[in-house]
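Structural features, examined
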Amino acid sequence: MDYIKTISQKADRLNHIVQDVFEVSKAATGNISLDLEDLDIGKLLQQTFGEMEEDLRQSTLAWRVEIPDTPMLVHADGQRLYRVFQNLIQNALKYSLDGSRVYIALKREDGMLTASVTNTSADELDGSIDYTARFTRGDSSRTDGGSGLGLSIARSFTEACDGTFRIAIIADLFTAYVTFKAVSPEE
């Protein structure tokens, strides 16, 4: 029974990886179907954070969230953007230094809205690695079940929705930025 359970788990994991690769490939070639609408990126980020609350509470991390209460509208696909934020938060959950803080912020500047997720990595980061490339893992010795697709998906879905995605690394401080042009409520 243990052998069958293990095979089933591996098959499920492989199925998820294949689906993720397919989605990333579609997004990268512009063949992904999008349901673009004006949506409140702040509410979407709070919703994502709220739906992951159980996992967040079970972690040793302290979460610092700075999301304004005022509407912050962007033109994007809500389901794809939800997946972007979910992947970024999961990335922080998996790879942050135990007991450290994770900062999630949303800011408006010069007509642009930028969501950021900042954490201190448990492992030393290599600034020369493109962490958004498919199957890239920060540490090749990791055996945590990750596929190395999370940040690639986040970048691909952000760009498919006409946003920009970038990563900044300073020593072991890792920050992912998701930026969209703000939609003013009058438009």
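Before any of the text, the structure's been laid out above.
Cut-offs and rules
Residues numbered from 1 in each chain as written. Predicted model: local features only at pLDDT ≥ 70, side-chain atom pairs only at ≥ 80, totals over all residues. Heavy atoms only, no water. Helix = DSSP H or I, 4+ residues; strand = E, 2+ residues; numbered from the N terminus. Buried < 20%, exposed > 50% of the residue type's maximum accessible area, 1.4 Å probe, protein only. Contact = heavy atoms within 4.5 Å. Phe/Tyr/Trp six-rings, centres within 6.5 Å; stacked < 30°, edge-to-face > 60°. Lys NZ or Arg CZ within 6 Å of the ring centre and 35° of its normal. Pairing = 2+ DSSP bridges. Axes fitted to C-alpha atoms, helices over the stretch in contact; angles between N-to-C directions. 1 Å grid on protein atoms, 1.4 Å probe; cavity = no way out; pocket = protein on both sides within 12 Å on 5 of 7 lines; lining within 4 Å. Points joined across faces, edges and corners; volume = space filled by probe spheres on them. Nonpolar A, V, L, I, M, F, W, Y, C, P; charged D, E, K, R; others polar.

With respect to the helices and strands, A92 occurs in helix 4 (residues 78-95). On the basis of relative accessibility, which here comes to 0%, the residue A92 falls in the buried class. Along the sequence, A92 and S121 sit 29 residues apart, while their C-alpha atoms lie 8.1 Å from each other. If we ignore the near neighbours within four places in the chain, the residues touching A92 are L61, W63, V102, V117 and N119.

Attention shifts here to the packing of aromatic side chains. Applying the stated criterion across every chain, the model contains one aromatic pair. Seen from their ring centres, F49 and W63 are 5.8 Å apart, and the 70° between their planes marks the pair as edge-to-face. Of this pair, F49 sits in helix 2 (residues 41-51) while W63 sits in strand 2 (residues 62-66); the two residues are 14 residues apart in sequence, bridging distant segments of the chain. Here W63 falls in the buried class, since its relative accessible area comes to 15%. The cationic tip of R80 hangs over the ring face of F157; the distance from NZ or CZ to the ring centre is 5.1 Å. Geometry around Y177 places R166 over its ring, the cationic atom sitting 4.1 Å from the centre.

Turning our eyes to something else, we now look at the sheet that holds strand 2. If you walk across this open sheet you meet the five strands as 2-4-5-7-6, and the pairing is mixed. Here the strands that pair on one side only, and so sit at the sheet edges, are strand 2 and strand 6 (164-170). Across the sheet, the axes of successive neighbouring strands diverge by a mean angle of 15°, strand direction being ignored. Where strand 2 meets strand 4 (residues 101-109), five bridges bridge the pair, whose relative direction is parallel. The partner of E66 across the bridge, within strand 4, is A105. Sheet strands touched by helix 4: strand 2, strand 4, strand 5 (112-120), strand 6 and strand 7 (173-181). Its angle to strand 7, the strand with the most contacts, is close to 170°. Strands strand 6 and strand 7 of the sheet are contacted by helix 5 (residues 150-160), whose axis makes an angle of about 140° with strand 6.

Attention now goes to the layout of surface pockets. Empty space among the atoms becomes visible once a probe the size of a water molecule is rolled across them. Each pocket or cavity is described by its volume, and for the second largest pocket that value is around 180 Å³. Contributing to the lining of the second largest pocket are Y103, A105, K107, R108, E109, M112, T114, S116, T118, T175 and Y177. Secondary-structure elements contributing two or more residues to the lining of the second largest pocket are strand 4, strand 5 and strand 7. Of the residues that constitute the lining of the second largest pocket, the class distribution is four nonpolar, four polar and three charged.

Note: most residues except glycine have negative phi, and most peptide bonds are trans. The phi angle at D110 is positive, at roughly 50°, despite the residue not being glycine. Looking at the secondary structure, you find D110 in the loop between strand 4 and strand 5. Judged by relative accessible area, D110 falls into the exposed class, the value being 74%. Its identity as a non-glycine residue notwithstanding, D162 has a phi of 70°, on the positive side. Inspection of the secondary structure assignment puts D162 in the loop between helix 5 and strand 6. On the basis of relative accessible area, D162 is assigned to the exposed category, the value being 70%.

So yeah, pure geometry; function would need other evidence.
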